[in-house]
Amino acid sequence: MITRQRLAAGVCALLAALTAGIAFPTGAVADETAEQAAPKVELVLDVSGSMRARDIDGGSRMSAAKQAFNEVLDATPEEVQLGIRTLGANYRGNDRKTGCKDTAQLYPVGTLNRTEAKTAVATLTPTGWTPIGPALLKAAGDLDGGNGTRRIVLISDGEDTCQPLDPCEVAREIAAKGIGLTIDTLGLVPDAKTRDQLSCIADATGGTYTSVQHKEELTDRVGQLVKRAADPVVTPVAVEGATACTSAPTLKSGLYTDREEFGQHRYYRVDVKPGQELRASVSVAADREVNPDYGVLLRAVTVHGREIVRGEAAGNGRTDVISTGLRYPKAKSDDENAPAETVCLQVSNSFSAASGVKTTPGMPVELTVDVVDGPDQASDVASFGLGRGWWLLGALVLTGFLAGVLWGWASRLRIAVWRTN
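Each chain has its residues counted from 1, running along the sequence as written. Only residues with pLDDT of at least 70 get local features here, since the model is predicted, and only at 80 or more are side-chain atom pairs given and counted; chain-wide, interface and lining totals rely on the full set of residues. The side-chain numbers reported here are obtained from all heavy atoms of the structure, hydrogens and water having been left aside.

**So, a nonpolar patch on the surface**
Taken together, Leu398, Phe401, Leu402 and Val405 make up a surface patch of nonpolar side chains, about 410 Å² in accessible area. Numbered from the N terminus, helices here are DSSP runs of H or I no shorter than four residues, and strands are runs of E no shorter than two. Tracing the backbone shows leucine 398 in helix H10 (residues 390-420). What goes into a patch is any residue over 30% in relative accessible area without a salt bridge, connected to like charges within 9 Å or, for nonpolar side chains (Val, Leu, Ile, Met, Phe, Trp, Tyr), within 5 Å. Here the Shrake-Rupley method, with its probe set to 1.4 Å, supplies the accessible areas, and only the displayed protein chains count as covering residues. Between Lys or Arg on one side and Asp or Glu on the other, a salt bridge is scored when a side-chain nitrogen of the former is within 4 Å of a carboxyl oxygen of the latter.

**A word on the confidence of the model for the protein**
Parts of the prediction with low pLDDT should not have their coordinates interpreted in detail. Think of pLDDT as the predictor's per-residue confidence, scored from 0 to 100. Confidence in the prediction of the protein, expressed as mean pLDDT, is 82, and 83% of residues score 70 or more. Segment residues 1-34: pLDDT under 50, and 48 contacts once partners within four positions in sequence are set aside and those in other chains are kept. Here a residue-residue contact requires only that any non-hydrogen atoms of the pair lie within 4.5 Å. Ignoring residues within four places in sequence, the model shows residues 380-388, a span with pLDDT below 50, making 19 contacts including any to other chains.

**Considerations on the side chain of asparagine 349**
Examined against the element boundaries, asparagine 349 turns out to sit in strand E14 (residues 341-349). Remark: exposure states derive from per-residue accessible area (1.4 Å probe, protein chains only) relative to the maximum for the residue type, with buried under 20%, exposed over 50%, and partly exposed in between. Judged by relative accessible area, which is 8%, asparagine 349 ranks as buried. Within 3.5 Å is the distance limit for a polar contact, defined as a pair of N or O atoms, with the added protein rule that one can donate a hydrogen and the other accept it, and that residues adjacent in sequence qualify only through two side-chain atoms. Among the polar contacts made by the side chain of asparagine 349, one reaches the main-chain carbonyl oxygen of glutamate 261 at a distance of 3.2 Å. A distance of 3.0 Å separates a polar atom in the side chain of asparagine 349 from the backbone nitrogen of phenylalanine 351.

**Section: the environment of isoleucine 183**
By secondary structure assignment, the location of isoleucine 183 is in strand E5 (residues 181-187). We classify isoleucine 183 as buried; its relative accessible area is 0%. When the C-alpha atoms of isoleucine 183 and isoleucine 201 are compared, they prove to be 7.1 Å apart, with 18 residues separating the residues in sequence. Excluding anything up to four places from it in sequence, isoleucine 183 contacts Leu136, Ile152, Ala171, Ile174, Ile201, Ala202, Thr205, Gly207 and Thr208.

**Quick notes on the sheet that holds strand E12 (residues 307-315)**
Sheet strands pair by backbone hydrogen bonding; their relative direction is either parallel or antiparallel. If you trace the four strands from one edge of the open sheet to the other, you get E9-E14-E11-E12, paired in antiparallel fashion. At either end of the open sheet lies a strand with only one pairing partner, and these are strand E9 (265-272) and E12. Sheet twist, expressed as the mean angle between neighbouring strand axes with direction ignored, is 15°. One bridge is not enough; two strands pair if DSSP finds at least two bridges between them. Direction of pairing for E9 relative to E14: antiparallel, over a ladder of eight bridges. Here the axes come from fitting lines to C-alpha atoms, over the contacting stretch only for helices, and the angles between their N-to-C directions go from 0 to 180 degrees.

**Let's talk about the pattern of salt bridges**
Enumeration over the complete set of coordinates arrives at 15 salt bridges. A salt bridge links lysine 118 to aspartate 74, with the shortest nitrogen-to-oxygen separation between them at 2.6 Å. Residue lysine 118 is found in helix H4 (residues 114-122), and its partner aspartate 74 is found in helix H2 (residues 61-75); the two are separated by 44 residues along the sequence. Residue lysine 118 is classed as partly exposed on the basis of its relative accessible area of 25%. With relative accessibility at 46%, the residue aspartate 74 sits in the partly exposed group. Glutamate 78 is the partner of arginine 114 in a salt bridge, and the nearest nitrogen-oxygen pair spans 3.7 Å. Of the two residues, arginine 114 sits in helix H4 while glutamate 78 sits in the loop between H2 and strand E2 (81-87), which places them 36 residues apart along the sequence. On the accessibility criterion, arginine 114 (23% relative accessible area) is partly exposed. A relative accessible area of 68% means that glutamate 78 is categorised as exposed.

**A few points about the sheet that holds strand E4 (residues 150-156)**
Strand order in the open sheet made by the six strands is E3-E2-E1-E4-E5-E6, with mixed pairing throughout. Both edges of this open sheet fall to strand E3 (103-110) and strand E6 (209-211), since each of them pairs with a single strand only. On average, each strand axis in the sheet is tilted by 15° relative to the strand beside it, whichever way the strands run. As judged from the six bridges shared by strand E1 (residues 40-46) and E4, these two strands associate in the parallel manner. Bridging across to E4, leucine 43 finds its partner in valine 153.

Take a look at the structure:
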């Protein structure tokens, strides 16, 4: 179910990106791929004392990480600016306060010199604490600036030892800034607590979590993530929805991100000209523990509050992303100067936080807006498609009636034959 929802959201995002580039070449708010800065990736490696453990193909976790880094550095695309940051690599003492500051940039983010980067990695020795939260904050700063793809790849073998700076909360704060930074995590130990924490970090920014137990798996996965940064992408634009339609921001075709608190309503405005069709979809990510049974509603309403069409979806705690969408065709007008209609998109949710879970910042929202040329007859979608559903309802009623009549006739005939015999 998760895969289908994400695939649907991805297809909508791609359609929105293509439309934005064709229909609105100068006004599109999504960044043009050609104008984006070089993609940036920072590899964040856990060099804490536990990396000495020898449980990966007979060797230590540290040696597996070094081998993976060397092979990945050789295969890094030329256009990718890559850097390396460590955590727990320098302080050997027992002072927790000092150990939780132990994160340093081993190789700066920039044009890659493979020899220098490999030499720097070769010097690493498992040493100290595991300050994942502080390392992520510093890594986000290392990648600051520019509008290209930005990705952090975190490799760790244990939980953060520097609470209460919760790395999950750090990841949510990074995502809430709307800078389009993705954090992918790789766990070297199949431990439930480590898996939960690294999964939470990845989910907060739309990244992925992978459990790794072999050298080849680690090399392949890190290499995939680095190369993925070089793929052309549409960077979502951060937008802040309003609590009422009258004060909502006006959006054009594109991909947008926002944050929505539990049970909140967010409004956005879209201008739809006669003869055009509005297509919109929304995805809300449950990036923290929530109570079961929830839903997401996307409504298109007039500026006066009258509902035009809606899309809704429900979940029961088994999905981490829930999506829905809608279509609204605006009928053509004989008046060439007819004004555009302002449609208000209302996004609301029925999530509720589990006991003890923080409700701020709000949950990640991804909104796709696409305004295209509509069908020849606007009623084709409203009456005969998914917009209204009257035709389908009528067909089902008629089919049920005819089936009932035929079944009753057949039953009477069978009883009459039985009595005759």
